[in-house]
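Structural description and commentary
Residue-level listing of the chains:
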Amino acid sequence: SSQSHLMRAVVHTSRSILSFSTTSRIRVNTKMTSSLLSFRTMCVSPKTVFLRNNAKSNKRKKLCAKPTAANAVSPPDSSSSSSSSSSSSGKKVSKNALKKQGKWQKGGENNRGGNGGGNNTNKNKNGPGGGSKAGFEIQGKLTQCYSLDEVFQVVRNEVDQFDSINASTALHRIASKGTREFDVSSSSSSVNGRGASTSVARAGRRTTGSRDGGDGHPYERIIKNSDFENLMGVVESNLANMDQFGLANVAWSLARLRVFEDDNGENKEMNEKGAEMLDTIARNFANCVKRQGGSSVRPQAFSNLLWAFGSFKYKISDQDGVLSKIYDQCETSWVENADAWKPQEMANLLVGVAHGDNATDRWSFYEKMQNCALHNLKAYPMDDRNADPRFVFTSRDISNFLWGLSKSLKSQKFNAQSIDPELISLMLQRLVADNFGGKQSVLNVSMTVWALANCKCQVPAPFMNALNQEIPRMTKRLSASQLDAIAWSIGEARFTLKYDDDAIDAVAEAIADNRESVFNESDPELVAKIFWALSRRGRIPADGSIIDKLVRKVEKCVDDLERSDKLLILHAWGVLRISPGENVVNKLVRAFLDEDEYEELEPDECAKLLCAYGRINHRPSSSSEAGSKFEAHLTHLAQTLADSAQASRLNPGTLALGLWGCALLKLDLDEDVLDVLARDAIRQTDSLRPNAFAKCIWALSTLRYDPTQDDLAKLTKKAQATILSPSDTNDASQSTREEVEIALKKLGGDSLH
């Protein structure tokens, strides 16, 4: 008995010690946790504090705010009648039960109060747009879903009870979560319990069969399972009941999931069902925003809708004024609600307009959009550290905005002055300050310079100075498409983008060293483009090995080059006076020697080929079979030019280039061909620029043309007015003056000194 009491005492004492130890440990841990949280709060960045406080504020607003048409549902109205007796008792009736009773109607009332809400003028409080008790509960379940599986579980169990808000919310959740979680190449978890799977993938990555080894649509296991198909049926039947934000979300979700793309990830031709659905969405959206007024519509609705149509590359029909109604309300919103527009919303809208070929020719659309962006840039200057980051233009927003604006303006043939210089200056200042020197500059810089070159607007000198320093730093990290954009801007905007030699050489070297050149389908074109850009700038890189590497790339990918690219390369070599070697030239020329190709050559192509052959001194011996074939090719080129000149359809510049090429090759032209070309040159004397005119005079003298006295007098008068006589507008070099004077003497003219 004493031993038993002793044991109980020991056990009691042990428990007391353990309890004390645990309590002490909890107190210590609590104090440590409190200290760590306090330290963490002191060390958190101002931006994080702002976002956290803003999130709390928004949460309080949501709790206190009145329900809105976009996200609220009304409680059931006890006075309204239901479509079945079971509805009045509050019990849900399944789809199968309704079918047995003969009361099921696809998209109809179905025990949920009729076709109210959304665009319907006769709204019923219990309708899909107005909300019901069941819809309210389903909406709560959908908003609490944190994974794709959970969303599909709600769809699977509740889709028969979905109203319009439930339908758009479910689709939006699947699109936003599915594209982040889903990976075609993995099979980690089930979507619908029948073999489909989901896994984590990088957000926004366009994984196609050709990239990851899989076949089919990248989101095939999402959009082709039965639950998704059932949801799509409910979405379609509720389009008429949705408000503008629901419609925009549906369009965004369809684009995000690439629903209407084929298995190769391309949207070559929209199928009839998809086109009908998109037309319905656009039409209903236009009616909604017109009725509500643009200033009362959330900017995100405009942005999401137009971004989605751009993603589909789908042109909105304006047959019933649909696009005009949308753009009218956009303009109203930019004027009356400018403070509500976020930079990302502006940029996405413009990118969508450009991609979807939905640009308008009404200047007010672009003017008010630019004013809205300018208002934002001034309201949130670079030195404002307390600005809401959601309303501050990022480098990505700037590049997307300028790209979309430039592409849209150019498609409607607006001139270079169409973009506000102050807007350009503020955006480029911010781009340099926020992005240059960073890792993301490769994407933003390439898009920005493409946009600036496309619209040919004046670029501030400080930006060009910074750009010329940035390009050599980042060229090694540029992809083929980014190099392509910069190379194009070098050639296209000679007078507005003042690239220095180091920047141009750095781009050329990056293309020459690009290891993907032989394997990437865009790279053969890229090699052609850099030669074109160099020829437009008249620049041969200081490092001679760069040209040698580029020539070798041409030789390796010659079979993958389009005929137009081969012509571009030959012409560029001629302009730059590059001698690449007979082997590679013969490979390029082979594409033009086939007699079947003759009829396809345009006069300007003939002129460029003649000039290129002459400048690189390519003319095989006529005694060989290849040389004989080449001579026939040259004869055909000259004849094509003469035929066009005979019909008075030859451009003055093309004429001068063609004659100059014939003279460089010292062709023995047929007398009739030479006469036709010479007469056309004399006829177009007043239209020829001084340089082109000098080429014509030299070419005619080299080809031994014998002009009449009247023709010679006309040529002499033009030479005296534009080349030989000193004047403020005469910028001809001394060597050009001497060549023209010698040429006129050969043609029979007197000395002009």
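We now turn to the structure provided with this report.

The rules behind these values
Residues numbered from 1 in each chain as written. Predicted model: local features only at pLDDT ≥ 70, side-chain atom pairs only at ≥ 80, totals over all residues. Heavy atoms only, no water. Helix = DSSP H or I, 4+ residues; strand = E, 2+ residues; numbered from the N terminus. Buried < 20%, exposed > 50% of the residue type's maximum accessible area, 1.4 Å probe, protein only. Contact = heavy atoms within 4.5 Å. Expected span 1.5 Å × (residues − 1). Arc of directions from axis to C-beta. Polar contact = N/O pair within 3.5 Å; in protein donor to acceptor, adjacent residues only side chain to side chain. Core = buried A, V, L, I, M, F, W, Y, C linked by side-chain atoms within 4.5 Å. Axes fitted to C-alpha atoms, helices over the stretch in contact; angles between N-to-C directions. Parallel < 35°, antiparallel > 145°, perpendicular 65-115°, else oblique. Left-handed = near helix turned anticlockwise from the far one by under 90°. Nonpolar A, V, L, I, M, F, W, Y, C, P; charged D, E, K, R; others polar. Salt bridge = Lys/Arg side-chain N within 4 Å of Asp/Glu carboxyl O. Phe/Tyr/Trp six-rings, centres within 6.5 Å; stacked < 30°, edge-to-face > 60°. Patch = residues over 30% accessible without salt bridge, like charges linked within 9 Å, V, L, I, M, F, W, Y side chains within 5 Å. Areas by Shrake-Rupley, 256 points an atom, 1.4 Å probe, with all protein chains shown as cover. Lys, Arg positive; Asp, Glu negative; His and termini not counted. Charge placed at Lys NZ, Arg CZ, Asp CG, Glu CD.

1. Considerations on the overall build of the protein
For the protein, the count of helices and strands is 33 helices and two strands. Scored against the burial criterion, the 753 residues of the protein give a buried share of 50%. Considering only contacts in the protein between residues 6 or more positions apart, those separated by 24 or more positions represent 74%.

2. Considering helix α18 (residues 421–435)
Given a rise of 1.5 Å per residue, 15 residues ought to cover 21 Å, and the 21 Å separating the end C-alpha atoms of α18 matches this to within 8%. Along α18, the positions that sit buried rather than exposed are L423, I424, M427, L428, R430, L431 and N435. Considered in projection along α18, the buried side chains sweep an arc of 160° and stay on one side of the axis. What points out from α18, more than 90 degrees from its buried face, is the exposed set P421 and A433. Where α18 is buried, its residues contact α16 (363–379), α17 (395–411), α19 (441–455) and α20 (461–474). The opening residue of α18, the one whose side-chain oxygen lies 2.8 Å from the backbone nitrogen of E422, is D420.

3. A short note on the nonpolar core
Counting 210 residues, the largest nonpolar core has F401, Y499, F531, L570 and W573 as its most contacted members. Aside from chain neighbours lying at most four places away, what touches W573 is F531, V551, V554, I578, P580, V584, V585, L588 and I616.

4. A few points about the environment of V445
Mapped onto the elements of the fold, V445 is located in helix α19. Given a relative accessible area of 1%, V445 falls into the buried group. Once you skip the residues sitting within four places of it in the chain, V445 turns out to touch F436, L467 and M474.

5. A short note on the packing of helix α24 (residues 544–556) against helix α26 (residues 582–593)
Two numbers describe how α24 lies on α26: the axes approach to 10 Å, and their chain directions differ by 45°. The angle between α24 and α26 places the two elements in the oblique class. Seen along the crossing, α24 lies across α26 with a hand that is left-handed. Here V551, V554 and E555 of α24 come into contact with α26, specifically with N583, V584, K587 and L588. Its residues assigned to classes, the contact of α24 with α26 comprises four nonpolar, one polar and two charged.

6. Considerations on the pattern of salt bridges
Applying the stated criterion across every chain, the model contains 22 salt bridges. Of the charged contacts in the structure, one is a salt bridge between K549 and D513, with a shortest N-O distance of 3.0 Å. Here the residue K549 occupies a position in helix α24, and D513 occupies one in helix α22 (residues 501–513), the gap between them amounting to 36 residues. Among the residues examined, K549 registers a relative accessible area of 27% and is labelled partly exposed.

7. Side note on the packing of aromatic side chains
According to the stated counting rule, one finds 18 aromatic pairs in the structure shown. On the numbers, 5.5 Å between centres and 45° between planes, the contact of W363 with F414 is tilted. Within this pair, whereas W363 is found in helix α16, its partner F414 is found in the loop between α17 and α18, the two being separated by 51 residues in sequence. For F414, a relative accessible area of 23% translates into the label partly exposed.

8. Quick look at the packing of α19 against α20
Following both chains from N to C, one finds α19 and α20 inclined at 135°, their axes separated by 11 Å at the closest point. Between α19 and α20, the angle is such that the two are oblique. In the packing of α19 onto α20, the handedness of the crossing is left-handed. Across from S441, V442, V445, V449 and L452 in α19, the residues of α20 making contact are F463, L467, E470, R473 and M474. Each residue belonging to the contact of α19 with α20 can be placed in one class, and the counts come to seven nonpolar, one polar and two charged.

9. Observations concerning a negative patch on the surface
Where like charges cluster on the molecular surface, the negative patch consists of D668, D670, E671, D672 and D675. Counting through the fold element by element, D675 comes out in helix α30 (residues 671–683). Look at D675 and you get partly exposed, because its relative accessible area is 35%.

10. Concerning unusual backbone geometry
Despite not being glycine, K666 shows a phi value in the positive range, around 55°. With respect to the secondary-structure elements, K666 resides in the loop between α29 (652–664) and α30. With a phi close to 60°, R704 is a non-glycine residue in the positive phi region. Summarising the element assignment, R704 is placed in the loop between α31 (690–702) and α32 (709–724).

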